[in-house]
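Summary of structural features
Here are the chains, one letter per residue:
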Amino acid sequence: MKYADIIVDISLEALNRVFQYIVPEILESKVRVGSQVMVPFGSGNRIIKGFVIGFSEKPDYAPDKLKEIYSIPKGSMVVESQMICLADWMCRMYGCTRIQALKTVLCVRRKIQGGTKKIYFLAVSREEAEAEMKKLSVQPRFASRAALLALFLDDREGKGITEDIMKKNVPSPMNALRTLIKHGWIEVREASDYRIPFLGVEDGKQVQLSREQQKAVEDICEDERMVHLLYGVTGSGKTEVYMQLIERTLMSGRQAIVLIPEISLTYQNIGRFRQRFGRRVSVMNSRMSEGERYDQYIQAKNGEIDIMIGPRSALFTPFPNPGLIIIDEEQDGAYKNDTTPKYHAVDVAVERMRLCGGKVVLGSATPSVVAYDRAVRGIYGLHLLKKRVAGGAAMAETCVVDLRNELKQKNYSIFSRKLQREMEVRLEKKEQILLFLNRRGYAGFISCRSCGHVIRCPHCDISMTLHKAEGNVLKCHYCGLTLPLPGNCPECGSGYIGAFGMGTQKVVEMLEKRFPQARILRADRDSMRRKNSSMEVFQAFSKGEADILVGTQMIVKGHDFPNVTLVGVLAADLSMFSGDYLAGERTFQLLTQAAGRAGRGEKPGLAVIQTYQPEHYAVTCAAAQDFEAFYSQEILYRQLMRYPPAGHMMAVIIEHEDEMTAREGSLLLAGVMAGKDVHILPPAEGFRAKEKDCYRKVIYIKSNEINGLIRSRERAQAFIRGEALFREINVQFDINPMNLY
Ligand code: ADP
Ligand code: ZN
Ligand code: ZN
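A few points on the structure. Since this is a predicted model, take the numbers as computed values, not measurements.

What to know about the side chain of Thr-504
With respect to the helices and strands, Thr-504 occurs in helix α15 (residues 504–514). On the accessibility criterion, Thr-504 (5% relative accessible area) is buried. Of the polar contacts made by the side chain of Thr-504, one reaches the side chain of Arg-522; its length is 3.2 Å. Setting aside residues up to four positions removed in sequence, Thr-504 forms contacts with Leu-437, Arg-522, Asp-524, Val-550, Gly-551 and Thr-552.

Quick look at the structure:
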């Protein structure tokens, strides 16, 4: 006998209340995970609809208490069924629980008691909005988000609201107000900056595709492969190709999802989709409220929209028949979900399209090594856009500065002489400068300022990390190897060996000293805590309110500053030695993007890359803007070390407040997970070894086959269920991790 777990509604409450039914023999071959079924419910045995979310061989209750599934309704597969299948795949792939997976993919929402009232109005200033809301007795929590209210004119015809329309409406908004409310013309929602695209967009003209673009469109449509990589430099017209593909998808009666890294959800990017497709497009971002997101989901399900643009969670838009998922900037780290289930958007997109026979298009100017590898091996279709369609701006010139020489010349500043000269020139000419400190993933490595040598783990070939608190030891966070910190450089014998550190704050201080006349802005995670403050800084900089913008990786993405003619990368080494196998790839991408920031406008640009390892291929290839050369070097390293894509890797994270328990747990698990088809590294101390009073151990496992890792994980999970020690130990699994734990 087979038993089915069934939910009778798509809501948060339903997910926490699963009912078990007997699968009658005649239906056994037909009922699958995701199937919509009719079941008798409640004491009156009313027949209602439900969804099968899983099966078990054994009943959880006495079988005579269980009812039977009544029937399977005829008709096509509903979207909920698809999403439940997707959740089922996520459980198997990522090892999360069924509920975690369902919560991730289904648009569930707590039932709202009493319903909500929509409030429409318009205001220019925060003060005005707050005053008005007081009068209307609107909940004050809206008040804090009122500053942008003027932007929320509801653009019914999808024409875009021009500044003229805004100006006409803004002078006496409150008197306008009541009429507008009455007609339902304007709408107030929580301020999310994604709505800015409706402002001031110019007329959307459809361009004639170039021959390269046309070929890419045709090839992607005709090719039978499901996944395609569209590889073209910035400005080569990828977005136009996406839009053409979307148009064809809509023409065939299907819907499309476009994923963009959150940071690139800017008005330039989205405005074009709005111009072309009007109100058929909806935009999602992570700051939206549950209710707002739910509204969009309902619109998608009801066929009111057919394009959804957003970050990775937009993948789960419940379109009834999606035919295309586009993932722009596919290499971006933001596509990896860092909470359980730790999925990668590309993999989920591929699975979703496999379930309904659609296509996935990955776009990039600097593809990930994984995607490019699959493309050159023919697993993905590969389509190149070699020419820039946007005239004018040429590629920036790049120049690599060897910081070892600066030391020899007794320049102890963080700015090389070359960079200082170039900055003086720009400040003189009133052109703008970006200074970039790529601290992402910065792990406190040890390097020699004299020869550039970095200490790496002999087994894992990743840079080792300094731990001062434990008496200056070096650790490998993959295999746990620990070494004493040497007093001299093992390569050249120099005493200039030590930790490498630099923060944006420090850079700003040094700048103020060196260039007292310059106006400086800073953009990093600390200075960006406040909501919208990143927008404010970027807007101020693009209006020319500062000469120099200092920041972390967030300044190199997605923003166009036409007056920037100089980009300085202060230390390429920071990301080159971040203690994981992706360090080289990350560095190449950051440097390429940084170089791409210079000379966006009419004026020629220059990128100055400072480094102690100018001969490293991530630097030389980025300076030459040569992705293929980078790939051919990097893939050798991956193959040698069996890192993805040459193999698969899984991190098992073990946390407990008592270090001995965490250690014991990790040793036990390592034993259970061992097997012929996997290679287990010894349990290591986490990179963040202690967090929130929890000690963290990590086990890295490699395998040629992803299934080897999945089987290994299943052994661990079975063991954990039966072992008392693990009741309080938190264990997480991450397939192909992209960060150090
Ligand atoms: P990418 O997405 O690769 O960075 P875009 O699609 O944004 O490139 O194109 C860059 C610019 O070139 C845009 O302003 C776009 O409108 C314009 N463009 C794209 N394709 C064409 C074309 N075939 N003819 C003229 N202009 C084009
Ligand atoms: Zn040295
Ligand atoms: Zn190691």
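After presenting the structure, the write-up continues.
Quick notes on the sheet that holds strand β22 (residues 564–569)
Where strands meet in a sheet, backbone hydrogen bonds hold them as pairs that are either parallel or antiparallel. A sheet is described by the order of its strands in space; here six strands give the open sequence β13-β23-β22-β14-β21-β20, paired in parallel fashion. The sheet is open, and its two borders are formed by β13 (397–402) and β20 (520–523), each paired with just one other strand. Averaged over all pairs of adjacent strands, the angle between their axes in this sheet comes to 15°, without regard to strand direction. Where strand β14 (residues 432–436) and β22 come together, five bridges link them in parallel fashion. When the sheet's bridge partners are listed, Leu-434 is paired in β22 with Val-567.

A closer look at the packing of aromatic side chains
As enumerated under the stated definition, the model contains 19 aromatic pairs in all. A ring pair is formed by Tyr-231 and Phe-627, whose centres lie 5.6 Å apart and whose planes are at 70°; its orientation type is edge-to-face. In this pair, Tyr-231 sits in strand β6 (residues 227–232) while Phe-627 sits in helix α20 (residues 627–641), placing the two residues 396 residues apart along the sequence. Take Phe-627: its relative accessible area is 3%, and that puts it in the buried class. On the basis of an interplanar angle of 55° and a centroid distance of 5.2 Å, the ring pair of Phe-445 and Phe-577 is categorised as tilted. Of the two residues, Phe-445 is situated in the loop between β14 and β15 (446–448) and Phe-577 in the loop between α17 (573–576) and α18 (583–597); the sequence distance between them amounts to 132 residues. For Phe-445, a relative accessible area of 1% puts it in the buried group. In this structure Phe-577 comes out as buried when scored by relative accessible area, which is 2%. Joined through ring pairs, the aromatic side chains of Tyr-231, Tyr-372, Phe-588, Tyr-617, Phe-627, Phe-630 and Tyr-631 make up one cluster. When the ring centre of Phe-55 is taken as origin, the NZ or CZ atom of Lys-2, which lies over that ring, is 4.3 Å away.

Examining a nonpolar patch on the surface
Residues Val-376, Leu-382 and Leu-384 make up a contiguous nonpolar surface patch of roughly 200 Å² in combined accessible area. Secondary-structure assignment places Leu-384 in strand β12 (residues 381–385).

Things to note about unusual backbone geometry
Here the bond from Thr-340 into Pro-341 is cis, since omega is -5°, no more than 30 degrees from zero. Summarising the element assignment, Pro-341 is placed in the loop between β10 (322–328) and α11 (345–356). The peptide bond linking Pro-644 to Pro-645 adopts the cis configuration, its omega dihedral lying at 5°. Positionally, Pro-645 belongs in the loop between α20 and β24 (648–656). You will see that Lys-430, though not glycine, has its phi angle at about 60°, which is positive. Within the secondary structure, Lys-430 sits in the loop between α14 (417–429) and β14. Looking at Lys-430, the relative accessible area reads 63%, which means it is exposed. A positive phi angle, near 50°, is found at Gln-625, a position not held by glycine. The partly exposed category is assigned to Gln-625, whose relative accessible area is 29%.

Here's the deal with the sheet that holds strand β18 (residues 482–484)
What the three strands build is an open sheet, ordered β16-β17-β18; its pairing is antiparallel. Each of the sheet's edge strands pairs with one partner strand only, and the pair in question is β16 (465–467) and β18. Taken pair by pair, the neighbouring strands of this sheet meet at an average axis angle of 35°, ignoring direction.

Quick word on α14
Between its first and last C-alpha, α14 extends 19 Å over 13 residues, near the 18 Å set by a 1.5 Å rise per residue. Three or more residues of α14 are buried, namely Leu-419, Gln-420, Glu-422, Met-423, Arg-426 and Leu-427. Seen along its axis, α14 keeps its buried residues to an arc of 165°; they face one direction. Among the exposed residues of α14, those pointing more than 90 degrees away from its buried face are Glu-428 and Lys-429. Looking at the packing, one finds that the buried side of α14 touches β14, α15, β21 (548–551), β22 and β23 (606–611). Once α14 finishes, Lys-430 follows within two positions and takes phi at roughly 60°, a positive value.

Remarks on the site of ligand 1
Around ligand 1, a shell composed of 16 residues is seen, among which Gln-208, Gln-213, Gly-235, Thr-239 and Arg-272 lie nearest. Between ligand 1 and Ser-210 there is a distance of 3.4 Å, counted from a nitrogen atom to a backbone nitrogen or oxygen. The contact in question runs from a nitrogen atom of ligand 1 to an N or O atom on the side chain of Gln-213, over 2.8 Å. Across the complex, the protein chains shield 71% of the 550 Å² of accessible surface that ligand 1 would expose by itself. At three residues, the largest contribution of residues to the shell around ligand 1 is made by helix α8 (residues 238–251). Of the residues assigned to the shell around ligand 1, the class counts are five nonpolar, eight polar and three charged.

Conventions we followed
- Every chain is numbered on its own, with residues counted from 1 as its sequence reads.
- For naming, the first written chain is A and the first written ligand is 1, with later ones following in the order written.
- Local features in this predicted model are restricted to residues whose pLDDT is 70 or higher, and side-chain atom pairs enter the listing and the counts only when it is 80 or higher, whereas totals over whole chains, interfaces and linings include all residues.
- Values shown for side chains rest on all heavy atoms present in the structure; no hydrogens or waters enter the calculation.
- Helical segments are the DSSP runs of H or I of at least four residues, strand segments are the runs of E of at least two, and each set is numbered from the N terminus.
- Three exposure classes are used, based on accessible area relative to the maximum for each residue type with a 1.4 Å probe and protein chains only: buried under 20%, partly exposed in between, and exposed over 50%.
- Polar contact is the term for a pair of N or O atoms within 3.5 Å; when the atoms are in protein, one must be able to donate a hydrogen and the other to accept it, and sequence-neighboring residues count only if both atoms are side-chain atoms.
- The contact criterion used is simple: two residues touch if any of their non-hydrogen atoms lie within 4.5 Å.
- When DSSP finds two or more bridges between two strands, those strands count as paired.
- Here, axes are lines fitted to C-alpha atoms. For helices the fit covers the stretch in contact, and angles between N-to-C directions go from 0 to 180 degrees.
- Working definition: a ring pair exists when centres of Phe, Tyr or Trp rings (six-membered ring for Trp) sit within 6.5 Å. Plane angles under 30 degrees give stacked, over 60 give edge-to-face, the rest tilted.
- In this analysis the charged atom, NZ for Lys or CZ for Arg, is taken to sit over a ring once it is within 6 Å of the ring centre and within 35 degrees of the ring normal.
- Excluding any residue in a salt bridge, patches collect residues exceeding 30% relative accessible area, merging like charges within 9 Å and nonpolar Val, Leu, Ile, Met, Phe, Trp and Tyr side chains within 5 Å.
- The Shrake-Rupley method, run with a 1.4 Å probe, gives the accessible areas here. Residue values count only the displayed protein chains as cover.
- For this analysis, a salt bridge means a side-chain nitrogen from Lys or Arg found within 4 Å of a carboxyl oxygen belonging to Asp or Glu.
- Expected helix span is given by 1.5 Å per residue-to-residue step, counting one fewer step than there are residues.
- This arc is built from the directions going out from the helix axis to the C-beta atoms.
- Nearness is judged by heavy atoms alone; a residue qualifies as near a molecule or strand once a single heavy atom is within 4 Å of it.
- For this scheme, ten residues count as nonpolar: Ala, Val, Leu, Ile, Met, Phe, Trp, Tyr, Cys and Pro. Four count as charged, namely Asp, Glu, Lys and Arg, and the remainder, Gly too, count as polar.

As far as function goes, none of this settles anything; it's purely spatial.
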